[in-house]
There are 2 protein chains.
Amino acid sequence: MSAALSYNFSQEKLAMNVMKSKIDRVAIFGGTHGNESTGVYLIQKFKSFPDRIRRSSFETLTFLANPKAIEARRRYIDLDLNRCFSLRDLENPDLVAYEQLLARSIYRQIKTDRINFLIDLHSTTSNMGLTLLVDNDCPFNLRLAAYLVSRNSEVIILQTEGSQDKNRLRNICDLSLTIEVGGVAQGILDATLFYKTENLILEILDYLEKYNREIEISYPQDLELYSYWQTVNYPRDEEGGVAAMIHPWLQGRDYLPLNEGDPLFIRFDGTEIFYQGQNTVYPVFINESAYWEKNIAMSLTQKKKVSIESLD
Amino acid sequence: MSAALSYNFSQEKLAMNVMKSKIDRVAIFGGTHGNESTGVYLIQKFKSFPDRIRRSSFETLTFLANPKAIEARRRYIDLDLNRCFSLRDLENPDLVAYEQLLARSIYRQIKTDRINFLIDLHSTTSNMGLTLLVDNDCPFNLRLAAYLVSRNSEVIILQTEGSQDKNRLRNICDLSLTIEVGGVAQGILDATLFYKTENLILEILDYLEKYNREIEISYPQDLELYSYWQTVNYPRDEEGGVAAMIHPWLQGRDYLPLNEGDPLFIRFDGTEIFYQGQNTVYPVFINESAYWEKNIAMSLTQKKKVSIESLD
């Protein structure tokens with residue numbers, strides 16, 4: 001099996017080439033988590049209405065990433081697919097859980113299809129609106145993000161660099177984005193968010209078309225984004241159980257400032273826990289349902305301004 | 001196995017006796033659905049702070065109904081526990097799915113413990129606030145409901161008589177209520193709803209205490225409630241897939257009037273489907289996540305006024 005997995009992992013080199021050349025093939029993935037229905041039904045819509053995602057200068061392919069989990073209406077079957085894409089794990093033939101095999105199959109397909117831009121569709125129970133997750137300081141992605149924000153003030157950019165083990169689906173493609181929309185409960189469709197997500201995808205495809213066809217694109221000077229800083233776990237009791245809830249004041253306040261002394265948690269007996277940090281931070285993924293099993297209550301970000309003009 | 005199940009199912013007779021006598025033992029169940037966390041954590045709170053539910057005239061017992069589903073953070077393991085309590089199924093030893101066995105065990109416990117009032121704690125992704133589900137026209141329950149509404153105007157009474165197969169956990173006890181709170185995503189705690197639910201439980205216990213101790217209780221003349229009328233399924237496409245979403249206008253409008261010509265669904269291509277009925281109805285369980293697998297988009301209710309004064 002290891003022979004079959006002898007791919008060329010020199011992503012950085014490939015990324016350099018892509019930056020100078022055109023985008024040939026775009027992949028849109030939904031259902032990487034089986035209970036995040038917005039992406040699942042958008043992929044089905046695009047299969048029914050392929051003209052919506054057809055552009056003249058590149059090919060657009062759509063995928064349902066985890067069909068078994070979608071069928072079961074669960075995040076995953078054995079383990080979180082969107083933590084199975086590290087190169088180390090992809091190359092390890094001893095890992096044979098369902099999602100580990102699936103990740104290897106998806107990776108192979110991405111390479112076979114020579115995908116050079118990937119969009120992964122997610123949703124969250126947190127009040128995160130129209131979030132675009134970008135992993136690094138790649139100028140191509142930052143310019144695209146700045147363009148999208150300038151076209152739609154609802155779009156928020158969350159930069160995750162340094163926070164993760166590069167084990168996400170978006171990490172296996174040179175250029176990629178994750179769209180994370182919320183708040184919406186798992187397993188349902190919120191029509192308003194559904195259409196907003198669709199429009200954001202179409203804007204991205206329009207951008208790629210302009211880029212390929214060398215149509216002049218105007219960018220804002222700067223891009224304001226939220227940069228991952230650290231994760232906050234739930235307080236635990238002596239037996240290891242969750243000992244407090246997100247404070248009512250904080251519920252739904254994703255991307256809003258959190259300052260020293262602001263309420264963070266409330267214990268079951270009603271006593272409060274306050275934020276102790278000295279700098280203003282901006283929490284995200286507040287009370288995300290899927291993160292309870294990971295004991296994560298929220299992540300804290302810092303606001304950052306990136307100069308688009310001075311990008312290489 | 002059938003010998004061990006030779007219970008006396010003459011619930012109506014027992015109910016008559018209870019009505020004339022006192023409430024001796026109250027059971028509170030959480031986690032009948034493993035991903036409805038509000039009830040699960042309230043039961044854990046009551047185990048940590050037993051004084052909150054202790055009353056002088058009766059004993060209060062607490063139960064986590066489906067520990068395996070709670071552990072898995074799923075609604076159920078094999079099938080919906082809250083559809084396993086029909087007398088026919090409880091008496092059928094051939095039914096051996098996990099939740100069918102569990103239902104039989106819970107039933108046995110309820111009878112062994114001689115529980116005569118049962119509260120079952122649920123939550124919903126629909127915007128149903130503090131809903132109290134009552135199954136029938138039992139004067140005891142209607143008086144209690146009227147009392148609770150008079151104490152807290154947020155409490156809404158939903159009468160399900162005729163809608164169901166008497167297969168719910170609440171159906172195995174003579175006097176019982178289901179508390180259904182929302183909207184809250186599955187698997188998380190919303191602190192505001194958590195405390196509101198707790199206060200409602202404490203109000204119910206206070207009422208039972210007054211009733212037992214024959215303290216005079218003042219009731220409103222009438223009780224306004226929502227009575228189940230019919231279920232609305234999602235429109236389906238030719239392959240049997242969901243063909244439309246809840247219309248953005250309708251999302252979150254649980255208990256608000258729906259009239260002929262109001263928007264009901266929106267298809268993925270943006271075309272709308274309107275309500276055709278001629279009478280004003282009041283939808284509930286709009287876009288409830290757990291009902292997607294049952295193809296249920298919402299239930300319609302009718303508003304009804306019950307005279308509390310003229311109850312027997």
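Residues numbered from 1 in each chain as written. Chains lettered and ligands numbered in written order. Predicted model: local features only at pLDDT ≥ 70, side-chain atom pairs only at ≥ 80, totals over all residues. Heavy atoms only, no water.

1. Regarding the environment of Asp206(B)
Stated formally: Helix and strand definitions here come from DSSP, where helices need a minimum of 4 consecutive H or I residues and strands a minimum of 2 consecutive E residues; each element is numbered from the N-terminal end.
As for its position among the elements, Asp206(B) is in helix α7 (residues 191–212). Along the primary structure Asp206(B) and Asp254(B) are separated by 48 residues, whereas in three dimensions their C-alpha atoms are 29 Å apart.

2. Comments concerning the packing of helix α2 (residues 37–48) of chain A against helix α7 (residues 191–212) of chain A
Residues and elements named next belong to chain A. Selection rule: Convention adopted: a line fitted to C-alpha atoms gives each axis, helices being fitted over their contacting stretch, and angles between N-to-C directions are expressed from 0 to 180 degrees. When describing relative orientation, an angle under 35 degrees is termed roughly parallel and one over 145 degrees roughly antiparallel, while 65 to 115 degrees is termed roughly perpendicular and anything else oblique. Crossing handedness is read from the near helix: turned anticlockwise from the far helix by less than a right angle, it gives a left-handed crossing, and turned clockwise, a right-handed one. Should any heavy atoms of two residues lie within 4.5 Å, those residues are considered in contact.
It is at 10 Å that the axes of α2 and α7 come closest, and there the two elements cross at 60°. As far as their axial angle goes, α7 and α2 are oblique. Our pair here, α2 against α7, has a crossing hand that is right-handed. Where α2 approaches α7, its residues Thr38, Tyr41, Leu42, Lys45 and Phe46 are matched on the opposing element by Phe194, Tyr195, Thr197, Glu198, Ile201 and Leu202.

3. As for the relation of the copies chain A and chain B
Cut-off, in case you're wondering: To superpose the copies, least squares is applied to the C-alpha atoms of every residue with a pLDDT of at least 70 in both.
If you rotate chain A by 180° and push it 0.0 Å along the axis, it lands on chain B with an RMSD of 0.0 Å. Expressed as an axis order, the relation between the two copies is that of a two-fold axis. Minimal C-alpha separation from the rotation axis in chain A is found for Ala185(A), amounting to 2.4 Å. Most of the interface of chain A is mirrored in chain B: 100% of its interface residues are interface residues there too.

4. What about the interface of chain A and chain B?
Note the cut-off: Accessible area that two parts lose when put together, with a 1.4 Å probe and added across both, is what the buried area reports. Counted as salt bridges are all cases of a side-chain nitrogen of Lys or Arg within 4 Å of a carboxyl oxygen of Asp or Glu. Definition of a polar contact: a pair of N or O atoms within 3.5 Å, with one able to donate and the other able to accept a hydrogen when the atoms are protein atoms, and with sequence-neighbouring residues admitted only if both atoms are side-chain atoms. Put simply, Ala, Val, Leu, Ile, Met, Phe, Trp, Tyr, Cys and Pro go in the nonpolar bin, Asp, Glu, Lys and Arg in the charged bin, and everything else, Gly too, in the polar bin.
Across the boundary between the two partners, chain A contributes 31 residues, which contact 31 residues of chain B. Between chain A and chain B, a total of about 2,600 Å² is buried, with carbon and sulfur atoms accounting for 66% of that surface. Three residues stand out in chain A for area buried against chain B, namely Met245(A), Phe268(A) and Trp292(A), and they jointly supply 22% of the buried area on that side. Applying the counting criterion to the chain A and chain B interface returns zero salt bridges. For the pair chain A and chain B, the interface holds eight residue pairs in polar contact (both at pLDDT 80 or more). For the side of chain A that touches chain B, the elements supplying multiple residues, two or more each, are α2, α7, β8 (244–246) and β9 (263–267) of chain A. No other element matches the four residues that α7(A) contributes to the side of chain A that touches chain B. Counted by class, the side of chain A that touches chain B contains 15 nonpolar, eight polar and eight charged residues.

5. Overview of the sheet that holds strand β5 (residues 155–159) of chain B
Residues and elements named next belong to chain B. As a reminder, the rule being used: We treat two strands as partners when DSSP finds at least two bridges between them.
Taking strand neighbours across the sheet as the criterion, the nine strands line up as β2-β1-β3-β6-β4-β5-β7-β12-β11 in an open arrangement whose pairing is mixed. Pairing within the sheet leaves two strands with one partner each, and these edge strands are β2 (59–64) and β11 (282–284). Direction aside, the axes of adjacent strands within the sheet are offset by 30° on average. For strand β4 (residues 129–134) and strand β6 (residues 176–182), the ladder comprises five bridges, and the chain directions are antiparallel. From the neighbouring strand, Gly129 faces β6, where its bridge partner is Gly182. With respect to the sheet, α7 is in contact with β1 (25–30), β2, β3 (117–124), β4, β5 and β6, its orientation differing from that of β6 by roughly 160°.

6. A closer look at unusual backbone geometry
All names here are of chain A. To be explicit about the condition: Residue exposure (1.4 Å probe, protein chains only): buried if accessible area is under 20% of the type maximum, exposed if over 50%, otherwise partly exposed.
Looking along the chain, the bond that leaves Gly182 and enters Gly183 is cis, with omega of 5°. Mapping Gly183 onto the fold places it in the loop between β6 (176–182) and α7. Unusually for a residue other than glycine, Arg73 sits at a positive phi of about 55°. Topologically, Arg73 is positioned in the loop between α3 (67–72) and α4 (87–90). Residue classification places Arg73 among the partly exposed positions, given a relative accessible area of 26%. Of note in the backbone geometry, Asn287 takes a positive phi value of approximately 60° without being a glycine. Note on placement: Asn287 falls in the loop between β11 (282–284) and β12 (296–307).

7. Notes on the packing of aromatic side chains
Convention followed: In summary, the pairing rule links any two rings of Phe, Tyr or Trp, Trp by its six-membered ring, whose centres are within 6.5 Å, and it sorts them by plane angle into stacked for under 30 degrees, edge-to-face for over 60 and tilted for everything else. Placement of a charge over a ring requires the Lys NZ or Arg CZ to be within 6 Å of the ring centre, with the centre-to-atom vector within 35 degrees of the ring normal.
All chains considered together, the criterion is met by 30 aromatic pairs over all chains. Through a chain of ring-to-ring contacts, the aromatic side chains of Tyr41(A), Phe194(A), Tyr195(A), Tyr234(B), Phe265(B), Phe268(B) and Trp292(B) assemble into a single cluster. If you follow Lys68(A) out to its NZ or CZ, it ends over the ring of Tyr98(A), 4.8 Å from the centre.

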